[in-house]
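Residue-level structure breakdown
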Amino acid sequence: MKKLLFIFAIILGLSSCSNRQYMTYSAGKDNVSYILLIAQGDKLENVVVSVDDKSHTVEKVFKAKAARRTVPVVVTPGKHKVSVFYQNEMLYSGEIYVGLQETKKIDIKYYIK
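So, here's what we can say about the structure. In this text, all values refer to a predicted model and were calculated from it rather than measured experimentally. (Residues numbered from 1 in each chain as written. Predicted model: local features only at pLDDT ≥ 70, side-chain atom pairs only at ≥ 80, totals over all residues. Heavy atoms only, no water.)

Glancing now at the sheet that holds strand E4 (residues 73-75). Note on sheets: strands pair through backbone hydrogen bonds, and any given pair is parallel or antiparallel. If you walk across this open sheet you meet the three strands as E4-E1-E7, and the pairing is mixed. Single-partner strands in this sheet number two, and they are E4 and strand E7 (103-108). Ignoring which end each strand starts from, the neighbouring axes of this sheet average 25 degrees apart. Relative to E7, strand E1 (residues 33-39) runs parallel, the two sharing six bridges. Paired with Ile35 across the bridge in E7 is Lys104. (Pairing = 2+ DSSP bridges. Helix = DSSP H or I, 4+ residues; strand = E, 2+ residues; numbered from the N terminus. Axes fitted to C-alpha atoms, helices over the stretch in contact; angles between N-to-C directions.)

Along any regular strand the residues' side chains alternate between the sheet's two faces. Direction of pairing for strand E2 (residues 44-51) relative to strand E3 (residues 54-61): antiparallel, over a ladder of seven bridges. Its bridge partner lying in E3, Val47 is registered against Val58. Adjacent in sequence and paired antiparallel, E2 and E3 are bridged by two residues, among which Asp52 carries a positive phi angle near 50 degrees. Pairing analysis gives four bridges linking E2 to strand E5 (residues 78-86), with the strands arranged antiparallel. From the neighbouring strand, Val49 faces E5, where its bridge partner is Val84.

Within the open sheet, the four strands sit side by side as E3-E2-E5-E6. Their pairing is antiparallel. Since the sheet does not close on itself, it has two edges, and those belong to E3 and strand E6 (89-98), each with one partner. For this sheet, the mean inter-axis angle between neighbouring strands, taken without regard to orientation, is 25 degrees.

The next thing to look at is a nonpolar patch on the surface. Together, Phe6, Ile7, Ile10 and Ile11 make up a nonpolar patch on the protein surface, roughly 400 Å² of accessible area in all. You can see Ile11 is positioned in helix H1 (residues 2-16). (Patch = residues over 30% accessible without salt bridge, like charges linked within 9 Å, V, L, I, M, F, W, Y side chains within 5 Å. Areas by Shrake-Rupley, 256 points an atom, 1.4 Å probe, with all protein chains shown as cover. Salt bridge = Lys/Arg side-chain N within 4 Å of Asp/Glu carboxyl O.)

Quick look at the pattern of salt bridges now. With the rule as written, the count across this model stands at one salt bridge. In this structure, Glu95 and Lys79 form a salt bridge, with 3.4 Å as the shortest nitrogen-oxygen distance. Of this pair, Glu95 sits in strand E6 while Lys79 sits in strand E5; the two residues are 16 residues apart in sequence, bridging distant segments of the chain.

Let us now look at the side chain of Ser50. Looking at the element boundaries, Ser50 is found in strand E2. Residues contacting Ser50, with those up to four places away along its chain left out, are Ser55, Lys81, Val82, Ser83 and Phe85. (Contact = heavy atoms within 4.5 Å.)

On to the environment of His80, then. Mapped onto the secondary structure, His80 falls in strand E5. Considering only alpha carbons, one finds His80 and Gly94, 14 residues apart in sequence, at a separation of 8.5 Å. Within polar-contact distance, the side chain of His80 engages the backbone oxygen of Thr76 at 2.5 Å. (Polar contact = N/O pair within 3.5 Å; in protein donor to acceptor, adjacent residues only side chain to side chain.)

Moving on, we come to the environment of Ser93. Relative to the helices and strands, Ser93 is located in strand E6. Separated by 44 residues in the primary sequence, Ser93 and Val49 place their C-alpha atoms 9.8 Å from one another. Not counting the four nearest positions on each side in its chain, Ser93 is found in contact with Val82 and Ser83.

These results come straight from atomic positions and should not be treated as a statement about function.
If you want it as C-alpha cells, here you go:
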C-alpha cells in the first residue's frame, strides 16, 4: 500500500511540472500601442504630433465625448518623447510610457483666439 501511494505521489508531482505554466509573451497580439489626443477646449484640425523625432499629422482632434472618432497615432510599446504642435505653437511636450496594446490619452488644452 505504501508503495502504491508513493508511486501515485510521484506521478502526481511529475504531471504538475510543465513548461507551459508561465508564459511571458503575448500570444497573438500585435506589438503596437496607441496615442490618442483629446481636445479640452475647441476642436482642432491638422495637429502635428512628434514622437521620438518622427512627425505624424492628426487631421481632427475631438473633445472627450467624440474621442472614438479620433484616429490614434500608432507607436511601439515603451518610453517615448512626445510633442504636440498646432499652428507652430507647442501645446504639449513630455515623456510617456505606453504598454503593449495600451492607449495613452493626451489632453490638449487650447482655445481658438
